[in-house]
Amino acid sequence: MIEAVIFDLDGSMVDSMWVWRSIDIEYLGKFGIPLPENLQACIEGMSFSETAAYFKERFSLPDDLDTIKADWNRMAWDKYANEVPVKAGVRELLAYCREHGIKAGIATSNSRTLVENVVQAHQLESCFGCIMTGCEVEKGKPAPDIYLAVAKELAVAPENCLVFEDIIPGIQAGKAAGMKVCAVYDEYSVHQDEEKHRLADYYTYGFRELIEEGVLS
C-alpha cells in the first residue's frame with residue numbers, strides 16, 4: 001500500500017536536465033576548459049556538494065567549494081524560476097495524493113536554493129511534507145540515505161513509499177531503501193531506458209497513467 005510518494009527533482013519532477021549542460025559549458029569555459037563528453041555520466045547521483053568537490057579536483061579549479069556552488073546557484077536561479085517546466089501529469093498526481101491522504105516529498109541531489117526556487121515558482125510548496133537534499137545526508141545516490149531520510153521525516157515505512165526517478169543511480173537508491181520505484185521517461189536519459197525498465201518496478205511517460213492504472217491504490 002502506497003502511503004507516500006517521493007520525487008527526485010531534476011528530470012523526474014521537472015524538465016531541467018538541459019539547464020546543467022549549458023551551465024557546465026559556460027562555467028568550465030571561464031577557465032578555458034572544454035566540456036568532457038562523459039561528464040554527466042561521471043556525476044550522476046552525486047549531491048550538489050559532492051559534484052562541486054568532483055569539479056574542483058578533476059579540473060583543478062582555483063575557487064573553493066562554497067564559491068563554486070554559489071556560482072552554479074547564481075547561473076541556474078533565473079532558469080529554474082522561469083524556464084524549467086513541471087513534467088506533464090505531476091500536478092494531477094499530486095492532487096490525487098492530496099485527495100487520498102498520500103504524503104509527498106522531494107529527494108534531490110540539487111541545492112536547497114534551487115529546489116525551493118522551482119517549487120515556489122510553480123506554487124507547489126503546500127504539496128510536500130518534506131524536501132531533502134543530498135547535502136543533508138551522508139552519502140548521495142545510489143546510496144539509499146536520502147530516501148530513507150525523507151521516509152523518516154514523513155513518518156512512513158520505506159516499503160510503503162513509491163519513488164520517482166529518471167536516472168539509474170536514483171533508481172538504485174530507491175530500491176536500496178526498500179521502496180517501490182517508478183522510472184520516469186526523460187530525454188536526457190533515454191539511452192538508459194532498457195536498464196531503467198529492468199531495474200524499476202514501474203515506468204511512466206506522464207504520471208496520469210499511474211492514476212488510471214491504480215498504481216497508487
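Residues numbered from 1 in each chain as written. Predicted model: local features only at pLDDT ≥ 70, side-chain atom pairs only at ≥ 80, totals over all residues. Heavy atoms only, no water.

### As for the pairing of strand β4 (residues 161-165)
Part 1 of the argument: Summarising burial for β4: five of the five residues are buried, a large majority.
Part 2 of the argument: Neither face of β4 is left uncovered, since the one carrying C161, V163 and E165 and the one carrying L162 and F164 both have all their residues buried.
Part 3 of the argument: Two strands pair when backbone bridges link them, and strand β1 (residues 4-7) and β4 are joined in this way by four bridges, in the parallel orientation. By the bridge assignment, F7 is partnered in β4 with F164.
Part 4 of the argument: On the question of chirality, the crossover connecting β4 to the parallel strand β5 (residues 180-184) by way of helix α8 (residues 168-176) is right-handed. (Buried < 20%, exposed > 50% of the residue type's maximum accessible area, 1.4 Å probe, protein only. Helix = DSSP H or I, 4+ residues; strand = E, 2+ residues; numbered from the N terminus. Pairing = 2+ DSSP bridges. Right-handed = clockwise from strand over helix to strand, strands pointing away.)

### Here we look at the environment of P144
Part 1 of the argument: On the secondary structure map, P144 appears in the loop between β3 (130-133) and α7 (145-154).
Part 2 of the argument: Along the backbone, P144 and Q192 are 48 residues apart, and their C-alpha atoms lie at a distance of 20 Å.

### Side note on the side chain of T108
Part 1 of the argument: In this fold, T108 is placed in strand β2 (residues 103-108).
Part 2 of the argument: Of the residues examined, T108 reaches a relative accessible area of 0% and is grouped as buried.
Part 3 of the argument: Apart from residues lying up to four places away in sequence, T108 is in contact with D8, L9, D10, V115, M132, T133, G134, K141 and I146. (Contact = heavy atoms within 4.5 Å.)

### Quick look at helix α4 (residues 65-82)
Part 1 of the argument: Across its 18 residues, α4 extends 26 Å between first and last C-alpha, which sits within 8% of the 26 Å expected from 1.5 Å per residue.
Part 2 of the argument: At A76, α4 shows its largest kink, close to 40°.
Part 3 of the argument: Looking only at α4, the buried set comprises I68, K69, D71, W72, N73, M75, A76 and Y80.
Part 4 of the argument: On its buried side, α4 packs onto α1 (17-29), α3 (48-59) and α6 (112-121).
Part 5 of the argument: The opening residue of α4 is D64, an N-cap whose side-chain oxygen sits 3.3 Å from the backbone nitrogen of D66. (Expected span 1.5 Å × (residues − 1). Bend = angle between axes of the 7 residues up to and from the residue. Polar contact = N/O pair within 3.5 Å; in protein donor to acceptor, adjacent residues only side chain to side chain.)

### Quick notes on the side chain of D193
Part 1 of the argument: Tracing the chain through its elements places D193 in helix α9 (residues 193-199).
Part 2 of the argument: In terms of polar contacts, D193 uses its side chain to reach the side chain of Y203, at 2.8 Å.
Part 3 of the argument: Among all residues touching D193, those that are not within four sequence positions of it are Y185 and Y203.

### Quick notes on the layout of surface pockets
Part 1 of the argument: Of the volumes computed, that of the largest pocket is approximately 320 Å³.
Part 2 of the argument: Listed by contribution, the elements that provide at least two residues to the lining of the largest pocket are α1 and α2 (39-43).
Part 3 of the argument: Class assignment for the residues of the lining of the largest pocket results in seven nonpolar, five polar and five charged. (1 Å grid on protein atoms, 1.4 Å probe; cavity = no way out; pocket = protein on both sides within 12 Å on 5 of 7 lines; lining within 4 Å. Points joined across faces, edges and corners; volume = space filled by probe spheres on them. Nonpolar A, V, L, I, M, F, W, Y, C, P; charged D, E, K, R; others polar.)

### Observations regarding a nonpolar patch on the surface
Part 1 of the argument: On the surface, a cluster of nonpolar side chains totalling about 300 Å² of accessible area is made up of Y185, V190 and Y205.
Part 2 of the argument: Inspection of the secondary structure assignment puts V190 in the loop between β5 and α9.
Part 3 of the argument: The partly exposed category is assigned to V190, whose relative accessible area is 41%. (Patch = residues over 30% accessible without salt bridge, like charges linked within 9 Å, V, L, I, M, F, W, Y side chains within 5 Å. Areas by Shrake-Rupley, 256 points an atom, 1.4 Å probe, with all protein chains shown as cover. Salt bridge = Lys/Arg side-chain N within 4 Å of Asp/Glu carboxyl O.)

### Topic: α8
Note: α-helices contain 3.6 residues per turn, so residues at a spacing of three or four share the same orientation.
Part 1 of the argument: Listed in full, the buried residues belonging to α8 are I168, P169, G170, I171, A173 and G174.
Part 2 of the argument: Tucked inside the fold, the buried residues of α8 contact α7, β4, β5 and α9.
Part 3 of the argument: Downstream of α8 by a residue or two, G178 has a phi angle that is positive, lying close to 85°.

### A look at the packing of aromatic side chains
Any two aromatic rings considered together are summarised by their centre-to-centre distance and by the angle between their planes.
Part 1 of the argument: Using the criterion set out here, one finds 14 aromatic pairs in the structure.
Part 2 of the argument: Each ring, one from Y27 and one from F31, has its centre 5.4 Å from the other, and the planes form 65°; the classification is edge-to-face.
Part 3 of the argument: The exposure class of F31 is partly exposed, given its relative accessible area of 28%.
Part 4 of the argument: Ring plane angle 70° and centroid distance 5.8 Å describe the contact between Y27 and W72, whose orientation is recorded as edge-to-face. Placement of the pair is Y27 in helix α1 and W72 in helix α4, with a sequence separation of 45 residues.
Part 5 of the argument: Judged by its relative accessible area of 0%, Y27 is buried.
Part 6 of the argument: What links up through ring pairs into an aromatic cluster is the set W20, Y27, F31, F48, F55, F59, W72 and Y80. (Phe/Tyr/Trp six-rings, centres within 6.5 Å; stacked < 30°, edge-to-face > 60°.)

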